[in-house]
Amino acid sequence: MSRVLPAEGDLRRVIGDGAGVLDGEVPGLTPDDLIALYRDLVLLRTYDERSVVYHRQGRIGTYAIFWNHEAMQAGSVFALEDRDWIFPAYRESAIGLLRGIPVSTVLSWWRGHPAGWWNPAEFNVASICVPIATQIPHAVGFAWGSALKGEDRVALVLFGDGATSEGAFHEGLTFAGVMKAPVVLFCNNNQWAISTPLSQQTAAPTLADKAIGYGIPSVRVDGADVLAVYEATRDAVLRARAGDGPTFVEAVTYRAAPHATADDPSIYVDPERVEEARENECVGRYERYLLRTGVLTQELAEEIRQETLELMRAGIAAAEAEPPADPSLVFEHAYGNPPPSQAGDLAELRRILGDG
Amino acid sequence: MAELLLVEAVNDALHVEMQRDESVLVMGEDVGRLGGVFRATAGLQERFGAERCIDTPLAEAGILGTAVGLCMAGWRPVVEMQYDAFSYPSLDQLINHVGRYRWRTRGKMSFPLTIRMPYGGGVRAPELHDDSPETYYVHTPGVKVAIPATPADAKGLLAAAIRDPDPVVVLEPKLHYRTAKAEVPDGEHVVRLGESRVVREGSDLTLVAYGAMVHVALRAADALAEEASCEVLDLRSLKPLDEDGLLASVAKTGRAVVVQEAPRVCGFAAEVSAVLAEKAIFDLRGPVIRVTGYDVPYPYWQIEDAYMPSVERVVDAARRVLAA
């Protein structure tokens, strides 16, 4: 039967510190790949920072900040093929930008406008999942179902440390193990579930240890090291494609920003840890690596930053230019074949709104 | 036409629909090797293989959650929940995802899954093998609900559920899985969702029921035969609800008693009563009375008959309406 799988204890790292800790490298990545990955990181960073500003300006609603999670998102997605699917939680709301979902679409989601809801099958990105951990069984079912159909598609599902306490995590991983689903279970462990620290989330020594109970191998990486994240995910994707089933990736970082725009972390976080995380934040760390290895120049970095800022400017303008949503959309799409009562409800609403 | 038990009709529907559509798969606890604890899925694994009739881990939320993902991968899953009350852990997935995901994709993706389960009491079983959970399902937007009373409807409604583009919950009255054989059409047989059935015609009073309670209503109509002419209306499908059929019957009889096995508060009988109050008030010659289970946990089985709506309680309610 299944063997006991020790979880890797130490965090995998590739990027050094430019001093005592030497830089490693990931075989197979060309300079163009490295720049493409940098562009992804900067796009996500710019999206996140501008979104906080837009929120303060009242242009988007409550927003779940993902500052310093960019390496986990961009690094893991970079290990996929376009045919592979991504199952995001709300912390990964903008991960679809890496698949070509327009900036305006994701901003519209945070504006509560119907234009923010996309067709998952168009981008191979599932809908943003709000209830914690419940997207894990979806990814497992999708991966398992794809394998049953003989299709070579891997699913990547992202969730936080708090999610590992939910029943859906447990049941999802149970199925993943038993069905040998080609899925990468990617945990962004930022040590906080709003105000609840990891020590109050679990007594397990590491989250990766949890995977042992489901017969799933696991690996721990530095979540602020985009190359380590990429490499670990790539290994997991290769296992999945080879028919060897799921892998659990625990990416460890520290939440250096509020949970969301409505949160005040000064009540509960350790300011020294936040300061340390901000100094080692993932985009700057990768940028310094690329500069010192000569792959990136300051000029190109600035050009990429300006490009992404322009994308954001155009994105918010497009989102704000969306015509007001038609109230009849309240009824549309709930059913493929709606109950007859819906037609009466819609007619009544139109009459009261004075447009029918 | 074959003479089948209700559970055999369910089994027949699964065979026919799996044969007809290669994307249909059956999954659940003990559905494969064993063929289901009630034998509803017997023979499917032999016929269609272990990849289309799947024994799952004992994890209802995982079953329904992975079924959502299977839909996204192009499958049309038919999920068995082993018993009514065992389905509660899966309500998280049902409410948060099954009923919403189509809407979330703005109609671009379908989630044509079917959830079927035995429901209801009267079978002398331990706790949590006796519930009537239809209200939780009917109340969930995006989800449809059908409840057959006869073998032919058990086959036809399940086939309709499997073919429907939306998620459908089919509750099968386990008390009647093996009570009586009845004629069931061979091959493909579909009973459209949203069409009620007049089981017995009458002119003085409509007894509205569904599932196992249809049989109680019929016996009550017999008991009342010398006092009043009772119509028995089997709703068959709670969502979509056949309002036209309901209103037509009550327009004719002017009186209604609604029978349900589930507890009273916010049960489906309350919805039927509300529809009659909104749309049939001027046809009514007396109050609409509900006969339901009580608002208590389903009792110890030695006294479960005191909880179940009985012929006597339905007759008593009918007499009160007729005397009003």
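Provided above is the structure to which this section pertains.
The following refers to the structure shown. Each residue is numbered by its place in its chain's sequence as written, counting from 1. Key to labels: chains lettered from A, ligands numbered from 1, both in the order written. A pLDDT threshold of at least 70 governs which residues receive local features in this predicted model, and a stricter bar of 80 or more applies before side-chain atom pairs are shown or counted, although totals over entire chains, interfaces and linings include all residues.

What about the sheet that holds strand E2 (residues 155–160) of chain A?
Within a sheet, each strand pairs with its neighbour through backbone hydrogen bonds, oriented either parallel or antiparallel.
Residues and elements named next belong to chain A.
Piece 1. Spatially, five strands are ordered E1-E2-E3-E7-E6 in an open sheet, and the strand pairing comes out parallel. The sheet terminates laterally at strand E1 (85–87) and strand E6 (218–222), the two strands that pair on one side only. On average, each strand axis in the sheet is inclined to that of its neighbour by 20°, with strand direction left out of account.
Piece 2. We call two strands paired when DSSP finds no fewer than two bridges between them. Where helices and strands are cited, they refer to DSSP runs of H or I of at least four residues and of E of at least two residues respectively, numbered from the N terminus. Pairing geometry for E6 and strand E7 (residues 247–252), over five bridges, is parallel. Paired with Asp-222 across the bridge in E7 is Val-252. Here, axes are lines fitted to C-alpha atoms. For helices the fit covers the stretch in contact, and angles between N-to-C directions go from 0 to 180 degrees.

Some details on the sheet that holds strand E4 (residues 76–80) of chain B
All names here are of chain B.
Piece 1. Read across the open sheet, the seven strands follow the order E3-E2-E4-E5-E7-E6-E12; overall the sheet is mixed. Single-partner strands in this sheet number two, and they are strand E3 (53–55) and strand E12 (237–239). This sheet shows a mean twist of 20° between the axes of neighbouring strands, independent of strand direction.
Piece 2. Judged from the three bridges that link them, strand E2 (residues 24–28) and E3 form a sheet pairing that is parallel. Bridged to Gly-28 within E3 is Asp-55.
Piece 3. We call two residues in contact if the C-beta atoms placed from their backbones are at most 7 Å apart. Relative to E2, helix H1 (residues 6–20) is tilted by about 135°, and along the sheet it contacts E2, E4 and strand E7 (168–173).

So, the interface of chain A and chain B
Piece 1. Contact residues are listed per partner, giving 34 residues for chain A and 37 residues for chain B.
Piece 2. Those elements that place two or more of their residues in the side of chain A that touches chain B are helix H4 (120–123), helix H5 (135–148) and helix H6 (167–179) of chain A.
Piece 3. Looking at side-chain class alone, the side of chain A that touches chain B contains 18 nonpolar, 13 polar and three charged residues. Residues were grouped as follows: Ala, Val, Leu, Ile, Met, Phe, Trp, Tyr, Cys and Pro as nonpolar; Asp, Glu, Lys and Arg as charged; and all remaining residues, including Gly, as polar.

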